[in-house]
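# Structure at a glance
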Amino acid sequence: MSKIEKALKRAGEERGNLQLVPAAAAGGRTAPWTAIVGQQIQVPETISRMAENERKLLSADELWERGIIHPQHTGDPAVQVFRELRTKINQQSQEQNAVILVAAVSEGNGGSFVARNLAAAFALDSAKTALLVDCNLRNPSVHQLLPKATLPGLADYFENPEMDVSRIIHPVGIARFRAISTGGLREIPGEYFVSMKMRRLIESLRERYRERFIVLDGPPMSDIADTRILSELSDYVLVVARHGRTTNAQIESGLNAISSRKLLGIVFNDEPRIPWIR
Amino acid sequence: MQMYPEQIVKALINESFHSRRLVVGMFVLVNVVMLTAGWLWPKSFTGSTSIVVDEKSIMEPLMKGAAVATEMADRNRNAREVILGRRIMGQVLERAGWLADHPTTLEQEGLFENIKARTTVTPVGRDVIKIEYRDSDKERALFVTKTFADLFIKEMIAQKESETRSAFDFIDKQAQEYQQKLAATEEEIRQLRSSNLDARPGSDIELSARLIALNTRIENTTTELREAQMKGASLERQVNGEAEVTVLATREGQFRARIAELQAKLDTLRLSFHDTHPDVVQVKNQIQDLMAEASAQRERREKAKPSQRSEQDETVVNNPVYQQLRRELSQNQLTIDALKARIAEAKRLLQEEVNRGKGLHSGDARLVELTRDHQINREIYQDLLYRRERARVSMNMDSDRQGSNFKILEPARSRPSPNAPRFWQFVLGGVVLGVFVPFGLLFARLRFDPHVRLANAISERHKVPVAAIVPHLWSPGELAGLRKELVMLALVVTVTLALSATLSVVRLLGVL
C-alpha cells in the first residue's frame, strides 16, 4: 500500500470518525483539522489574514501523532533540535527569509520529516511564516498534510499557466504554516524544475512575503540532477543522513552534487535515544 | 575514528536500544543454544577405584628368609600397560557389552582407542594405583572401572603365580641337574678308585717316602760298593807286589844268598889277604861252584816253565801275605758283587716306584678334580634344595593368596566427571554470552558498518558541520507501542532467565 493510499484511507477514516463523534464528545478540544475538509480555503496571504483562517488548528497531540513538532512539547528533544536549527538558519540568513532545500542523502532518510519539522519550527515563531514545497516528485509526502490529497499542487500550477500561485498554497492546520504539494496523484517530469516557471515561482514566493521561509522538500540526493537544480534555486541546503541507513560513500557523492557554499550542514536524523532519558 | 570510552558506552546504549529486538533476540538465542548444548552435552561420569599394592603383607615377616615376596614396586609403572593391554581390554569390551553387536576388527580398534583415551591409570605414591574411567553412562562407568580393577588384580596375581611357579620350576630343574651331575661325579670317583687302588688320599706321600728310602739305600750301597772296589783295587795292587812264593826259599835263591855271603866273606878276606891266599882261593872256588849250581838250577827252572810244571823245588815256600791278600781279595770281590746286586735291585725298585708314582699322579689329579667338582656340586645342590623349598613355599603362598598383596583400597564408584562442563556453567555462560555477544556485535557494527551511526563520524570524515542531530520523534502511539514492546522484551528476557534457572534446578535435583 503506497503512502498516498494510506493517507487517503486515513483521511477517509478520520472523516468518518468526525461524523460519528458527537460535538459534545469532542469537548473543548480544538476541532480536528479534518473538520475543515471540503472548505475551499482561499487563504489571504498575510499573517493577519492567515490568523483568521486558523481557528481550526491541529492540537499538539495530533501534530505529535503525525510526527510534527509543537511548541507545547518543550520537553521533547526534537523540538529543541529544530528550534536550534531554525535559529542557526536565521543567523545565517541574517533574519532574511530564505529558501532552504532539505535533501536526504538517499531515500528513506527522513528528508521529508526534517523539511516538515523545519517548516514547523519556522512557523513557531509568530513573526514568521513557513511554506513547505514538495519537490520530491517520485515519492511525494506533503499532500498527506493537506486536508485533501487531491488539492491542486505544483503539477497543476505548471500545467495550467493561468493558475494563480495562491491556489496551490494550502493551510495544513498549523499556525503560519502553508504547503504546496506536488499536486494530484500524477507524475510530473523533473524538467519542470529547470523551467523558468519554477524559478519564477520560487522567486515570487520568496519575494511576496519577507517573513516567509520556504522549505523545499527535495528528492533524495541520489537523484543528482534534480538536487543540483533545486540547490541552485535555494539559498541553503541541508543534507539529511539517517542513522544506520546512509553510507559514507552516499554522503560523499551527495555532497559533491551541491555547492559547498550553500551547504548549511548535515542533519543526522533518527539518532537512537531512549525517549525517557533526557 | 577516535572514540572515548564514554562515547562508546553511550553509543552502545543507544545502539542497543535501537536494535533492542536484535539484542533480546540474540540474548534469547544464545541462551537457548547454550541451554540446548548444556542439555544435550553428553553426560560424563567418572568411575574411579584405587588398588593398593601392599608389599608389606603380614606374611612377609613370618616368611622372612624362607620365601621371597614378588617385587611389586615396578608394577605400578607398567600397570597402565597391563590395564590397557589387549587382554584386559578385550574382556572389558566383552563384559561391558560392546561386543553385543559384533563390531568389526577395525571398529574394535576404534573402541580400544576410545576407551584408552578415557581411561587414566595414575600411580599415587609408591603403592597405590588409581584407575579412572569416563563414560556417558553412569552404570557403565562404574562397571568398567570395577572390571578394570578386578581384571587387573586377577592378572597381576596370575602373573605373580606364574612367576613364582616358573621360578620354582627353574630351581627344581637346576636342582635335578645338579643331582645328576653329582651322581655322575660320584660314579666316576668310584670307578677311578676301583681302577686305581693306590690312588687314595695320602698315597703320594707314602710313595715319596718310599722313593726317598730307596734312593738312600742306593746311595749307601753305592758308597759301600765304591769302598769295596777301592779296597779291591788296593788288594790287587798288594797282591801284585807280593810274590806267590817267597824267593828266598828257592834253591837259586839259597845259592844266591850263599854266593852273596861268600862274596862278602871274599870281600872281607881280600882286605886282609891276597887273592892267592888259600882262603881266598877257596872262597873263590866255592863261589864258582855255587854260581854254577845256581845257573844249573836256573836252567832247570827255565826248562820247566813252558811245561807249566812246577818245578818241584824243594826249597819253594808259599808266601803267607800273598795268601792272606788273595783271600781278602776274593772276599772283597764277593762283597762287591753283592753290593752291585743290591744296587740293581734298589734301582729296579726305584723304577717301579717311579712308574707307580706316575700312574698315581695322573689318577690323583683327576681324582682331585673330581673331588673338587663333587664338593662344589654338592654345595650348589644343597643350596638349590634349600632354595627350591623356599620357592615352593613362595608358590604355595601365592597360590593360597597369602602373599596376595593387591587390595582394593577404594571400591569403584561413579560420579560426575570433575572436568566435564556442568549444566549451570552452560546456563551462566549463556547469560553472560547472551549479554556480551549482542553488545560485541553492536560494537563491531559500530566500528565496521559502512552505514553512518555516529554524528561526529560524519563531520570528521566529510569535514562538513553537523547542523543538527535529530532524535527520533516519538509519537504517543509509538511511545505506547514502545512501552508494550519493552514490556514484552523484558518478559521474554525474564522467561528465558526463568527457563534457565528452572532447568538448572531441575538438572541439579536430578529430576531429568
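Thresholds, definitions, all that
- Residues numbered from 1 in each chain as written.
- Chains lettered and ligands numbered in written order.
- Predicted model: local features only at pLDDT ≥ 70, side-chain atom pairs only at ≥ 80, totals over all residues.
- Helix = DSSP H or I, 4+ residues; strand = E, 2+ residues; numbered from the N terminus.
- Buried ≥ 20, exposed ≤ 12 C-beta atoms within 10 Å, placed from the backbone.
- Contact = placed C-beta atoms within 7 Å.
- Nonpolar A, V, L, I, M, F, W, Y, C, P; charged D, E, K, R; others polar.
- Axes fitted to C-alpha atoms, helices over the stretch in contact; angles between N-to-C directions.
- Parallel < 35°, antiparallel > 145°, perpendicular 65-115°, else oblique.
- Expected span 1.5 Å × (residues − 1).
- Pairing = 2+ DSSP bridges.
- pLDDT = per-residue confidence, 0-100.
- Core = buried A, V, L, I, M, F, W, Y, C linked by C-beta atoms within 7 Å.
- Right-handed = clockwise from strand over helix to strand, strands pointing away.
- Left-handed = near helix turned anticlockwise from the far one by under 90°.

Within chain A, the secondary structure is distributed over 11 helices and 7 strands. Per-residue burial for chain A yields a buried fraction of 46% across its 278 residues.

So, on to the overall build of chain B. When helices and strands are tallied, chain B shows 14 helices and 7 strands. The buried share among the 512 residues of chain B stands at 21%. Taking all contacts inside chain B whose residues are at least 6 apart in sequence as the whole, residues at least 24 apart take part in 83%.

A word on the interface of chain B and chain A. Tallying the contact residues gives 28 residues for chain B and 36 residues for chain A. Those elements giving two or more residues to the side of chain B that touches chain A turn out to be helix H1 (5–18), helix H13 (455–462), strand E7 (466–471) and helix H14 (476–509) of chain B. In the side of chain B that touches chain A, the residues fall into 18 nonpolar, 7 polar and 3 charged.

Attention shifts here to the packing of helix H2 (residues 20–40) of chain B against H14 of chain B. Residues and elements named next belong to chain B. Two numbers describe how H2 lies on H14: the axes approach to 10 Å, and their chain directions differ by 10°. Between H2 and H14, the angle falls in the class roughly parallel. Together, Arg 20, Val 24, Phe 27, Val 28, Asn 31 and Leu 35 of H2 and Leu 489, Val 492, Val 493, Thr 496, Ser 500 and Leu 503 of H14 make up the contact between the two elements. Its residues assigned to classes, the contact of H2 with H14 shows 8 nonpolar, 3 polar and 1 charged.

Another aspect to go through is H14 of chain B. Taking 1.5 Å of rise per residue, the 34 residues of H14 of chain B would be expected to cover 50 Å, and the 48 Å separating its terminal C-alpha atoms lies within 8% of that figure. Burial analysis of H14 of chain B places just 2 of its 34 residues in the buried class, a small minority of the element.

Turning to the sheet that holds strand E6 (residues 406–416) of chain B, a few remarks are in order. Residue and element names in this part refer to chain B. Reading across from one edge, E2-E3-E1-E6 is the order of the 4 strands in this open sheet, with antiparallel pairing throughout. Looking along the sheet, the strands with just one partner apiece sit at the ends: strand E2 (119–124) and E6. Pairwise comparison of adjacent strand axes, ignoring direction, gives a mean angle of 15° for this sheet. Here 6 bridges tie E2 to strand E3 (residues 128–135), and the two strands are oriented antiparallel to one another.

All names here are of chain B. Here Tyr 178 is to be found in helix H7 (residues 138–195). Note: C-alpha distance between Tyr 178 and Leu 384 (206 residues apart in sequence) is 8.5 Å. In this structure, Tyr 178 is in contact with Asn 377, Ile 380, Tyr 381 and Leu 384, ignoring residues within four places of it in sequence.

A residue-level look at chain A finds 77% of positions with pLDDT of 70 or above and a mean pLDDT of 79. This model gives residues 14–45 of chain A a pLDDT under 50, and the stretch forms 39 contacts once residues within four places in sequence are excluded.

Of all hydrophobic cores here, the largest spans 85 residues; its most connected members are Ile 100, Val 102, Leu 118, Val 215 and Leu 238 of chain A. Aside from chain neighbours lying at most four places away, what touches Val 102 of chain A is Gly 111, Val 114, Ala 115, Leu 118, Val 215, Leu 216, Asp 217, Gly 218, Leu 238 and Val 240 of chain A. Membership of the second largest hydrophobic core comes to 21 residues, among which are Ile 83, Leu 142, Met 156 and Ala 412 of chain B.

This part covers helix H6 (residues 111–124) of chain A. Here H6 of chain A spans 20 Å end to end across 14 residues, near enough to the 20 Å set by a 1.5 Å rise per residue. Burial analysis of H6 of chain A places 14 of its 14 residues in the buried class, the great majority of the element.

Moving on, we come to the environment of Pro 123 of chain B. Within the secondary structure layout, Pro 123 of chain B lies in strand E2. Linking Pro 123 of chain B and Ala 79 of chain B, residues 44 residues apart in sequence, is a C-alpha distance of 8.4 Å.

Take the pairing of strand E4 (residues 177–180) of chain A next. Residue and element names in this part refer to chain A. The alternating pattern of E4 places Phe 177 and Ala 179 and Arg 178 and Ile 180 on opposite faces, both of which are buried. Where strand E2 (residues 129–134) meets E4, 4 bridges bridge the pair, whose relative direction is parallel. When the sheet's bridge partners are listed, Leu 132 is paired in E4 with Ala 179. In the sheet, strand E3 (residues 170–171) pairs with E4 via 2 bridges, with the strands oriented antiparallel. By the bridge assignment, Pro 171 is partnered in E4 with Arg 178. Once E3 ends, the chain turns through 5 residues before running back antiparallel as E4, passing Gly 173 with a positive phi of about 90°.

Our next topic: unusual backbone geometry. Working note: non-glycine residues mostly have negative phi, and peptide bonds are mostly trans. Even without being a glycine, Asp 270 of chain A presents a positive backbone phi close to 60°. The residue Asp 270 of chain A is located in strand E7 (residues 263–271) in this model. By the C-beta count within 10 Å, which is 21 here, Asp 270 of chain A ends up buried. A positive phi angle, near 55°, is found at Lys 463 of chain B, a position not held by glycine. Positionally, Lys 463 of chain B belongs in the loop between H13 and E7.

All names here are of chain A. By the criterion of burial, strand E6 (residues 236–242) is predominantly enclosed, with 7 of the 7 residues buried. Because side chains alternate across E6, one face comprises the buried residues Tyr 236, Leu 238, Val 240 and Arg 242, and the other comprises Val 237, Val 239 and Ala 241, equally buried. Two elements, strand E1 (residues 99–104) and E6, share 5 bridges in a ladder whose sense is parallel. Looking at the pairing, Ala 103 lines up with Val 239 of E6. Crossover handedness for the path E6 to helix H11 (residues 248–257) to E7: right-handed.

What follows deals with the packing of helix H9 (residues 251–272) of chain B against helix H10 (residues 278–304) of chain B. Residue and element names in this part refer to chain B. The contact between H9 and H10 brings their axes to 9 Å, and the two run at 160°. Judged on the interaxial angle alone, H10 and H9 are roughly antiparallel. Judged by the sense of rotation from one axis to the other, the crossing of H9 with H10 is left-handed. Residues Arg 251, Glu 252, Phe 255, Arg 256, Arg 258, Ile 259, Leu 262, Gln 263, Lys 265, Leu 266, Leu 269 and Arg 270 of H9 form the contact with H10, whose own contacting residues are Asp 279, Val 280, Val 283, Lys 284, Gln 286, Ile 287, Leu 290, Met 291, Glu 293, Ala 294, Gln 297 and Arg 298. Grouping the constituent residues of the contact of H9 with H10 by class yields 11 nonpolar, 3 polar and 10 charged.

Turning our eyes to something else, we now look at the environment of Gly 430 of chain B. Residue and element names in this part refer to chain B. Along the chain, Gly 430 turns up in helix H12 (residues 423–448). A tally of 26 C-beta atoms within 10 Å means that Gly 430 is categorised as buried. Separated by 392 residues in sequence, Gly 430 and Gly 38 have C-alpha atoms that sit 9.5 Å apart. Those residues in contact with Gly 430, other than ones at most four positions away along the chain, are Val 30, Asn 31, Met 34, Leu 35 and Ser 500.

Looking now at the sheet that holds E7 of chain A. Strands belonging to one sheet form pairs held by backbone hydrogen bonds; the direction of such a pair is parallel or antiparallel. As summarised here, the arrangement of the 8 strands in space is E3(A)-E4(A)-E2(A)-E5(A)-E1(A)-E6(A)-E7(A)-E7(B), forming an open sheet in which the pairing is mixed. Where the open sheet ends on each side, the last strands, each with one partner, are E3 of chain A together with E7 of chain B. As paired elements, E7 of chain A and E7 of chain B share 4 bridges and run parallel to each other. Opposite Glu 271 of chain A, over in E7 of chain B, you have Pro 471 of chain B as the bridge partner. Each of E1, E2 and strand E5 (212–217) of chain A touches helix H9 (residues 196–208) of chain A; the most contacted strand, E5 of chain A, lies at about 150° to it.

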